[in-house]
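# Per-entry structural report
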Amino acid sequence: MASTNSCAVQGGCPTDYVAIAIAILSMMLLLSRSVFPCLVHKVPRTNGSGFWFPVFQVFGSFNLLLSLVLSINFLKLEKKHWWTSCYIWAVWFEGPLGFGLLLSCRIAQAFQLYFIFVKRRLPPIRSYVFLPLALSPWIAGAAFIHAKKAMNHRCHMGTRWIVPVTCLHTLYVVALVGCTRSIRHIEFKFDELKDLWQGILVSSSSIGVWVVAYILNEVHDDVAWLQVLSRFLLLVTVSYFQLYDPSQASVLVLAFFSMSSSQPLLAQISLRRREPSEFRSMGQALGIPDSGLLFQRDPAPGVDSSDPLDKLLLNRRFRQSFMAFADSCLAGESVHFYNEVYELGKIPTDDPVRSIYMARHIIEKYVVAGAPMEVNISYRARQDILTTTNLADPDLFSAALNEVMQLMKTNLAKDYWSSMYYLKLKEEASAWSSCIEVEGIGVGGNFSPRLSSVHGAADDPFHHDQYVKPGSICNTLERSSDT
Amino acid sequence: MGSLCSKQRHFDKPENEENGQAAEIERRIEQETKAEKHIQKLLLLGTGDSGKSTIFKQIKLLFQSGFGEAELKSYTSIVHANVYQTIKILHDGSKELAQNEAESSKYIISSANKDVGERLSEIGGRLNYPQLTKELAEEIGSLWNDPAIQETYSRGNELQVPDCAHYFMENLQRLSDANYLPTKEDVLYARVRTTGVVEIQFSPVGENKKSGEVYRLFDVGGQRNERRKWIHLFEGVTAVIFCAAISEYDQTLFEDEHKNRMMDTKELFEWVLKQPCFEKTSFMLFLNKFDLFEKKVANVPLNVCEWFKDYQPVSSGKQEVEHAYEFVKKKFEELYFQSTSPDRVDRVFKIYRTTALDQKLVKKTFKLVDETLRRRNLFEAGLL
C-alpha cells in the first residue's frame, strides 16, 4: 500500500527529476533547431502559413511537455496554488494547446497540400480560418470537462471520461492518416509526405504509450514503482518524439524561397543527415534544365533592336543585360516574372507536381497583392490566376505575361536601347572574338532617361561607378561569367 | 516603413588638432553634397492614371529639346497599341454588359459588326500588334460607331477605358496613314503605364535666359505594386508634385476593381503627407484632368464618390462646374490640414488646377511652381 507521503504519489522521486531534465533538454534542442537557421542565415521572416505552422507546432510541443510535467505529479507541488490547478495543465494545456494544436496544424498542412496538389487549386479556406475550426472540438471538450469538474484530486479522470478523451485523440490521428493517405501518391519534392507520416507515427506512438501507462496505473494502483516508472517512461518518450519534429524542413524550404533570386545563395543546411544542397532559385531546386545558367557565358550574337522583344528575350545574354537594366531603374520584377514563367514553361506537361510547385512559387512571389516583387497587372488577370481551377495549367500565366510583356515593350524597351547596358552589350558582342584592350568607353550624348543612380546616391554623387572601368574587355567577360 | 531620412546633422567646430583631419573630411563631404544640393529634387507622385507621365512629357517639351523625329516615330506603335486595346476593351465590355445587364439588347452589337468585333478583339489580345492599315482603321471606325459600343462607352467608367479613347477613335483616318508621324498632341494623349522610375534634369530658363535653378524631376508608376518603390526616392526632396485626377470620382482602380479611384487618391495623399521624410518638403497639388471633370460633372453627380457625399449642387452649367471644383478643392485642403501635424504647418502647400494636355496651362502652372520654390529657397537661406 503506497503511503500518501511517498514520492510515487506526491512526486519528487529522483527518476522524476531525471525525466524533467531530459524534457527540458529536448525542448531546448527543439527551439534551437528551429531558430538557428533563421538567425545564422539571416532568413527574413515570411508571412503566412509557412511561418506560423512550425511556430504553432513548436508551441504545441512545449505545451504538451509542460502539461505532462505539471499534471502527473513529477514535482512536489502544493495543490493549493491556482496555477497548479489540474484543469489548466491536464485539460487545457494538454488538449487544445498541446496535442490538439499539434495535430490540427498537421491536418491543416495536409489539407493545404491536398488542395494544391490533388485538386490543383489554391485552398478555398485560408489556414487562419481552418486552424481554429479544427481546434474547436478540443476547446469544447476541455470546457465541458472543466465545467463538470471531472478530475479527482490526483489529476485522474474516471474511466467514464477517459474513453471519450482517448477517442478524440485517436479520431484526430485517424483524420490525419486519412488526409495523408489522400496525397500519398504525389511525388513531393521536399519530403512533405515523409514528414507527415513521421508526424503520424509520433502522435500515435505517444497515444499508445499514454494509454498503456494509464491502464497500468489504473489496474495496479497500489504499486508505487509502477507509477513512477510509467510516468518516467511517458515523459521521456514524449520528449524524444518531439525531437523528431519534422516541421523544420518546411521552415527551411519556405523561408528560403521567399528570398528574391537576385540575392546571394543560401546553403540549405539541414540538421538531419542530408547532403547540403545549394539552390539559387526555385527553378534549380526543382531541377529544371538550364535554370540558373543565366549567368553562364554565352557569346552574344548581334542583337537587332528591330526584332520584337519576345524574340530578343530568348537570348540569354540579352535577357541578363535587360534584367540588369530593369533592376537598376526599379522595374526589375517584370523581367524576373518573365524569366520564371519561362522556366515554368520548360517543365514537361506530364509532370504536374513540379509545375504546381513552380506555379505556387510564382504566385506567392509575383501575383498576390502585397507580394515582394508584385508585378503591374490588371485586376482581372490577377483574379484569374488566384481563382484558377487548375494550378498545373500551362496557360495559367499567359494573360498576365502578355500584360507584362506589353509593359516592357512600351515602357522599358524604349529606354533600354539608349542605356548604358545596351551599349555594354554591343561592346561585348563586337569585342568577343577579338579581345581588344579598351582604354575607356567614352559614352556621351543622349542618355537613357532612366535613373542614373538611386541606391548609390549617398556615396556616389557624381555617378562615377556608372561608367565601364577601363581595362580589358576579356577580363570583364571572364569576371561576369564567374559570378 | 522606417525612416530612411538622415536628420540634419550640425557639425560642431573641431576642438583640437586631432579632430582637424576629421573636420577636413567632413568639410569636403559637405561641399560635395552642397554641389549636389543645388539640384532641386522634384517628385511626381499620384495614383495610376492621374497624369504624372503627361506632366513629365510636357516638362520635356517645354524645357528640354522636345521630341525629335526618332522619338515621335517610336510613339507610333504605342498609339496603335492604344487603339487596339481600346477597341478590345469596349468590345469585350459590351459582351459582358449584354450578359449581365437587364436591358441587354442595347449592348448587343449589330450582326454586321459582330465578326469584325471578334476579330479585333483577337488582335487586341496578341502580343505584337499588326500595322494599322486603312482597312483595319475602317473596321475599327465602324465598330466604334455601332450603337452598342457607344452605349458601352457611356458606361466606360465601370470598365478600364482609357481617357484617350475618344480622341484616338475620332482621328483614326489620320492615324492609319502610311506615313503617319505622331504629332505632339498624339504623344501627349498616348497612354502607357509607367513602371519603375524615370528622371530628367532640366533648368527652367526664364525670359532673360539666365539659368535659374536646376531641377531633377522623377516620374514613377502609380499602381499599388509600384508604390513600394517610391521609398527609395524620398530623401532630400525639395517639392512633391502630387497629381490627382479629379475626373475619376466614379471610376475604379486598374489593379483593384472594387476600389474607387478618388478614395484611393485620398488615402494615398494622406499617406504621402504623413511621411517623415517630407517634413520640410513643399507640396504642389495638381488637380488634374479638369477638361474631363467639366464634362462629367454635368452628367454624373459628385455624390457617387463617398468622400463627396455631402455635395449639394446649386446651379447648372458653367457656374456649377466652378462650384463643384471649389468643393473638391476645399476637400483636399481639409485633408491636407488634417494630415499635417502642427510642427509642419509652415511647409508650402499650393493647389493648382491643371489639364496636363494643355501646354500653355502647364507652362504657366510650372512657372508659378518655380516661383514658389525659388521664394522658398530664399526664405530658407534667410534672405527673405
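Since the model is a prediction, treat every value here as computed from it, not as a measurement.

### Brief notes about the interface of chain A and chain B
Counting residues at the interface gives 36 residues for chain A, matched by 34 residues for chain B. Of the roughly 3000 Å² buried at the junction of chain A and chain B (both faces included), carbon and sulfur atoms supply 48%. In terms of surface lost to chain B, no three residues of chain A exceed Leu330, Asn376 and Tyr379 of chain A, which account for 20% of the buried area on that side. Here chain A and chain B share 4 salt bridges between them.

### Here's the deal with the pairing of strand 5 (residues 282-288) of chain B
Residues and elements named next belong to chain B. Within strand 5, 7 of the 7 residues are buried, which leaves it mostly tucked inside the rest of the structure. Neither face of strand 5 is open: one carries Ser282, Met284, Phe286 and Asn288, the other Phe283, Leu285 and Leu287, and all of them are buried. In this structure, strand 4 (residues 239-245) lies alongside strand 5, joined through 7 bridges in parallel fashion. Within the sheet, the bridge partner assigned to Ala244 lies in strand 5 and is Leu287. Once the chain exits strand 4 it traverses helix 11 (residues 261-273) before rejoining the sheet at strand 5, and the crossover so formed is right-handed. As defined by bridge partners, strand 5 adjoins strand 6 (residues 349-353) across 5 bridges and the pair is classed as parallel. Bridge pairing links Leu285 to Ile351 in strand 6.

### Things to note about the packing of helix 17 (residues 398-417) of chain A against helix 3 (residues 69-100) of chain B
Contact geometry of helix 17 of chain A with helix 3 of chain B gives a least axis separation of 11 Å together with a crossing angle of 160 degrees. Taken together, helix 17 of chain A and helix 3 of chain B sit at an angle that is classed as roughly antiparallel. Pair helix 17 of chain A / helix 3 of chain B crosses with left-handed handedness. Contact residues: Gln406, Thr410 and Lys414 of chain A in helix 17 of chain A; Ser74, Tyr75, Ile78 and Gln85 of chain B in helix 3 of chain B. Class assignment for the residues of the contact of helix 17 of chain A with helix 3 of chain B results in 2 nonpolar, 4 polar and 1 charged.

### Here we look at the sheet that holds strand 1 (residues 39-46) of chain B
All names here are of chain B. Strand order in the open sheet made by the 6 strands is 2-3-1-4-5-6, with mixed pairing throughout. Edge positions in the open sheet fall to strand 2 (197-202) and strand 6, since each of these has one partner strand only. With direction set aside, neighbouring strand axes in the sheet form an average angle of 20 degrees. Here 6 bridges tie strand 1 to strand 3 (residues 214-220), and the two strands are oriented parallel to one another. Opposite Leu43, over in strand 3, you have Phe218 as the bridge partner. Together, strand 1, strand 4, strand 5 and strand 6 form the strand contacts of helix 11, whose direction differs from that of strand 4 by roughly 170 degrees. Sheet strands in contact with helix 13 (residues 318-339) are strand 4, strand 5 and strand 6, and its direction is about 155 degrees off that of strand 6.

### Quick notes on the UniProt feature "binding site: Mg(2+)" (unreviewed entry) in chain B
Residue and element names in this part refer to chain B. When the UniProt feature table is mapped onto this chain, "binding site: Mg(2+)" (unreviewed entry) is found at Ser53 and Thr194. In three dimensions, the annotated residues from a span of 142 residues occupy one location, with a maximal C-alpha spread of 7.4 Å. Within the secondary structure, Ser53 sits in helix 2 (residues 52-63). Excluding anything up to four places from it in sequence, Ser53 contacts Thr194 and Asp219. By the secondary structure assignment, Thr194 is in the loop between helix 9 (184-189) and strand 2.

### Quick notes on the UniProt feature "transmembrane region" (unreviewed entry) in chain A
Residue and element names in this part refer to chain A. Here the UniProt-annotated "transmembrane region" (unreviewed entry) positions come out as residues 12-31, 51-75, 87-109, 129-147, 159-177 and 197-216. In residues 87-109, helix accounts for 96% and strand for 0%; the two terminal C-alpha atoms are 29 Å from one another. The distance separating the terminal C-alpha atoms of residues 197-216 is 28 Å; by composition the span is 100% helix and 0% strand.

### Section: the pattern of salt bridges
All names here are of chain B. If you walk through the whole model with that rule in mind, you get 34 salt bridges over all chains. In this structure, Asp49 and Lys289 form a salt bridge, with 3.5 Å as the shortest nitrogen-oxygen distance. Of this pair, Asp49 sits in the loop between strand 1 and helix 2 while Lys289 sits in the loop between strand 5 and helix 12 (290-299); the two residues are 240 residues apart in sequence, bridging distant segments of the chain. Of the two residues, Asp49 and Lys289, both sit in the buried class. Beyond isolated ion pairs, a larger network of salt bridges with shared partners links Asp49, Asp163, Arg191, Glu248, Arg261 and Lys289.

### Points about the environment of Ala213 of chain A
Note on placement: Ala213 of chain A falls in helix 8 (residues 192-219). Put simply, Ala213 of chain A and Ser85 of chain A are 128 residues apart on the chain and 22 Å apart in space, counted from C-alpha to C-alpha.

### Considerations on the environment of Leu243 of chain A
All names here are of chain A. You can see Leu243 is positioned in helix 9 (residues 224-243). When the C-alpha positions of Leu243 and Leu25 are compared, they lie 9.9 Å apart, and in sequence the two are 218 residues distant. Not counting residues up to four positions away in its chain, the partners in contact with Leu243 are Ser26, Leu29, Leu30 and Arg33.

### Some points on the confidence of the model for chain A
All names here are of chain A. Taken over all residues, the pLDDT of chain A has a mean of 71, while the share at 70 or more is 67%. Mean pLDDT per element in chain A: strand 1 (residues 266-268) is the minimum at 29, and helix 16 (residues 379-386) is the maximum at 91. This model gives residues 248-278 a pLDDT under 50, and the stretch forms 59 contacts once residues within four places in sequence are excluded. Between residues 453-483, whose pLDDT stays under 50, and residues either more than four places distant or in other chains, the model counts 37 contacts.

Parameters at a glance
- Residues numbered from 1 in each chain as written.
- Chains lettered and ligands numbered in written order.
- Predicted model: local features only at pLDDT ≥ 70, side-chain atom pairs only at ≥ 80, totals over all residues.
- Heavy atoms only, no water.
- Contact = heavy atoms within 4.5 Å.
- Buried area = accessible area lost by both parts, 1.4 Å probe.
- Salt bridge = Lys/Arg side-chain N within 4 Å of Asp/Glu carboxyl O.
- Buried < 20%, exposed > 50% of the residue type's maximum accessible area, 1.4 Å probe, protein only.
- Helix = DSSP H or I, 4+ residues; strand = E, 2+ residues; numbered from the N terminus.
- Pairing = 2+ DSSP bridges.
- Right-handed = clockwise from strand over helix to strand, strands pointing away.
- Axes fitted to C-alpha atoms, helices over the stretch in contact; angles between N-to-C directions.
- Parallel < 35°, antiparallel > 145°, perpendicular 65-115°, else oblique.
- Left-handed = near helix turned anticlockwise from the far one by under 90°.
- Nonpolar A, V, L, I, M, F, W, Y, C, P; charged D, E, K, R; others polar.
- UniProt positions renumbered as here; feature names shortened; annotations may be inferred.
- pLDDT = per-residue confidence, 0-100.

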